[in-house]
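One-letter residues, chain by chain:
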Amino acid sequence: MTRHLDPDETGLKRAAEMLRRGGLVSFPTETVYGLGGDASDDAAVARIYQAKGRPSFNPLIVHLPDAEAVEAYCVLDDTARRLAAAFWPGALTLVLPIRPYAGISKLVTAGLDTLAVRVPDHPLAQALLREAALPVAAPSANPSGRISPTTAAHVLAGLAGRIDAVLDGGPCGVGLESTILDCIGEAPVLLRAGGLPAEAIEACLGASLALGPVAPATAPTAPGQLVSHYAPRGTVRLDATETEPGETYLGFGPLGADMNLSRSGDLVEAAANLFDCLHRLDTMGAERIAVAPIPDHGLGRAINDRLRRAAAPRD
Ligand code: TXA
Ligand code: MG
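None of the values given here were measured: they were computed from a predicted structure. (Residues numbered from 1 in each chain as written. Chains lettered and ligands numbered in written order. Predicted model: local features only at pLDDT ≥ 70, side-chain atom pairs only at ≥ 80, totals over all residues. Heavy atoms only, no water.)

**Q** Would you mind going over the UniProt feature "binding site: L-threonine" (unreviewed entry) in the protein in detail, with residue names and values included?
**A** The positions that UniProt labels "binding site: L-threonine" (unreviewed entry) are, in the present scheme, Thr31, Ala138 and Ser178. Taking the farthest pair of C-alpha atoms as the criterion, the annotated set spanning 148 residues converges on one region, since that pair is 12.1 Å apart. Relative to the assigned elements, Ala138 resides in the loop between strand S7 (136-137) and helix H7 (152-159). For Ala138, the contacting residues outside a window of four places in its chain are Phe27, Gly34, Leu35, Gly36, Ile61 and His63. Residue class for Ser178 comes out buried when judged on its relative accessible area of 2%. In contact with Ser178, other than residues within four places in its own chain, are Thr31, Ile61, Ala91, Leu92, Thr93, Arg118, Arg192, Ala193, Gly194 and Gly195. Reaching out from Ser178, the side chain makes a polar contact with the side chain of Thr93 at a distance of 2.7 Å. (UniProt positions renumbered as here; feature names shortened; annotations may be inferred. Helix = DSSP H or I, 4+ residues; strand = E, 2+ residues; numbered from the N terminus. Contact = heavy atoms within 4.5 Å. Buried < 20%, exposed > 50% of the residue type's maximum accessible area, 1.4 Å probe, protein only. Polar contact = N/O pair within 3.5 Å; in protein donor to acceptor, adjacent residues only side chain to side chain.)

If you want it as structure tokens, here you go:
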């Protein structure tokens, strides 16, 4: 049975205790809900993969309360420190060299000598990480290949009975997964567009970002390698300025649509609504979804990335 925990002192203590005992707890972050487990416990991490039905070559992000905690597990160079100071806590994941004997389960890194880390900017996530006092591995709390959850109800729709609890913090503010940056080589490489716009990172670095993955043959790096991902049950047609018979229209901007990402054409609002709209289209039983064009800048880049995956051919 999956417990529904309230976002109060009792709920937090329960959630932290479950994590310390090797249990799986879904918790809210500012991006999406994570499926948390103790990153130093092989069995807990194995249960994360099992609950999600995730291919085990896809490594996990470790969540920590602050940059100082990250330093215990990873090596940060000047660039990584600058990015951490500018954007943590926040929707940025850094892939960094892992310290030898860091105590992180090899199942988390899928055997790589790098670790993806993030400091979430959500009061409940922060409180939970401090209370549990563990490195918490947390992929998005959805079955593998399906839409990421931005509410506790989305989590339960996909994983009820497969995890111990969900800590309910209401809807996520950002609504898109974190931006992932590889900080292993000379210059950072963008592995996944996400909740922190690439333009903000480029402004911080004073340089434009290279796009990854760098070495797809050897590194099971970006989630982009699983082409169909973030998929609703219905088919998805992109850049649709009008609908064909039988289609449900997901709009953007001031136009007549069955559902709208943002009537005012606000990309931040659209990002926050994206996964909830896709979940609701599933619930409605929409078989063919047409999506309005979304501008490809700022958060629009990450929204378009998710929509392209949702539209990709399925196995
Ligand atoms: O916003 C987020 O990032 C959410 C919340 C819960 O924090 N988490 C999330 O995790 O989206 P997940 O597992 O769905 O996506 C993480 C991606 C993986 O698909 C993997 O490709 C990449 O991060 N990743 C993890 N470790 C990596 C590594 N060492 N090198 C390169 N990529 C890595
Ligand atoms: Mg995911």
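Next comes the rest of the description.
**Q** I'd love a proper account of unusual backbone geometry, names of residues and values included.
**A** The amide bond that connects Trp88 to the next residue, Pro89, takes the cis arrangement and shows omega of -5 degrees. When you line up the elements, Pro89 lands in the loop between helix H4 (78-87) and strand S5 (92-97). Even without glycine at this site, Asp239 takes up a positive phi of about 50 degrees. According to the relative accessible area criterion, Asp239 is exposed, its value standing at 56%.

**Q** Can you explain the state of the cysteines? Please cite residues and give values.
**A** In total, this model carries zero disulfides according to the counting rule given. Looking at the unpaired Cys74, the closest cysteine sulfur is the one in Cys183, lying at 10 Å. On the basis of relative accessibility, which here comes to 0%, the residue Cys74 falls in the buried class. Among the cysteines around Cys204, which has no disulfide bond, Cys183 carries the closest sulfur, lying 10 Å off. (Disulfide = S-S within 2.5 Å.)

**Q** An account of the sheet that holds S5 is requested, with residue identities and associated values reported.
**A** One open sheet holds the 11 strands; their spatial order is S1-S8-S2-S3-S7-S4-S6-S5-S9-S10-S11, and the pairing between them is mixed. Unpaired on one side and paired on the other, strand S1 (3-5) and strand S11 (210-211) mark the two borders of the sheet. In this sheet, strand S8 (residues 165-167) lies alongside S1 in parallel orientation, the contact comprising three bridges. By the bridge assignment for S8, Arg3 is matched with Ala165. Where H7 meets the sheet, it contacts S1, strand S2 (25-27), strand S3 (34-38) and S8, and its direction lies at approximately 165 degrees from that of S8. (Pairing = 2+ DSSP bridges. Axes fitted to C-alpha atoms, helices over the stretch in contact; angles between N-to-C directions.)

**Q** Describe the packing of helix H1 (residues 9-20) against helix H6 (residues 123-132), listing the residues and the values that go with them.
**A** Helix packing for two helices is described by the angle between their axes and how far apart those axes are. Where H1 meets H6, the closest approach of the two axes is 9 Å, and the angle between their N-to-C directions is 50 degrees. When the axis of H1 is compared with that of H6, the two are oblique. Classified by chirality, the crossing of H6 by H1 is right-handed. Along its contact with H1, which presents Leu12, Lys13, Ala15, Ala16, Leu19 and Arg20, the element H6 presents Leu124, Ala127, Leu128, Glu131 and Ala132. Partitioning the contact of H1 with H6 into residue classes produces eight nonpolar, no polar and three charged. (Parallel < 35°, antiparallel > 145°, perpendicular 65-115°, else oblique. Left-handed = near helix turned anticlockwise from the far one by under 90°. Nonpolar A, V, L, I, M, F, W, Y, C, P; charged D, E, K, R; others polar.)

**Q** Report on H1, specifying residues and quantitative values.
**A** Here H1 is 12 residues long and its end C-alpha atoms lie 16 Å apart, about the 16 Å a rise of 1.5 Å per residue gives. Taken together, the buried positions of H1 are occupied by Gly11, Leu12, Ala15, Ala16, Met18 and Leu19. Seen from one end, H1 has its buried residues packed into an arc of 160 degrees, which puts them on one side. Exposed side of H1, more than 90 degrees from the buried face: Glu9 and Thr10 are the residues found there. In the core, the buried residues of H1 are packed alongside S1, S2, S3, H6, S7 and S8. The first or second residue beyond H1 is Gly22, which carries a positive phi of 85 degrees. (Expected span 1.5 Å × (residues − 1). Arc of directions from axis to C-beta.)

**Q** If you had to explain the pattern of salt bridges to someone new, which residues and values would you point to?
**A** Scanning the model with the defined rule gives 15 salt bridges in all. Glu9 is the salt-bridge partner of Lys13, the closest N and O atoms lying 3.1 Å from each other. With Lys13 and Glu9 both in helix H1 and four residues apart, this pair spans about one turn of that helix. Given a relative accessible area of 52%, Glu9 falls into the exposed group. The closest approach of N and O atoms between Asp66 and Arg130, which form a salt bridge, is 3.6 Å. Placement of Asp66 in the loop between strand S4 (61-63) and helix H3 (67-71) and of Arg130 in helix H6 is noted, with a sequence separation of 64 residues between them. Salt bridges sharing common partners tie together Glu177, Asp305, Arg306 and Arg309. (Salt bridge = Lys/Arg side-chain N within 4 Å of Asp/Glu carboxyl O.)

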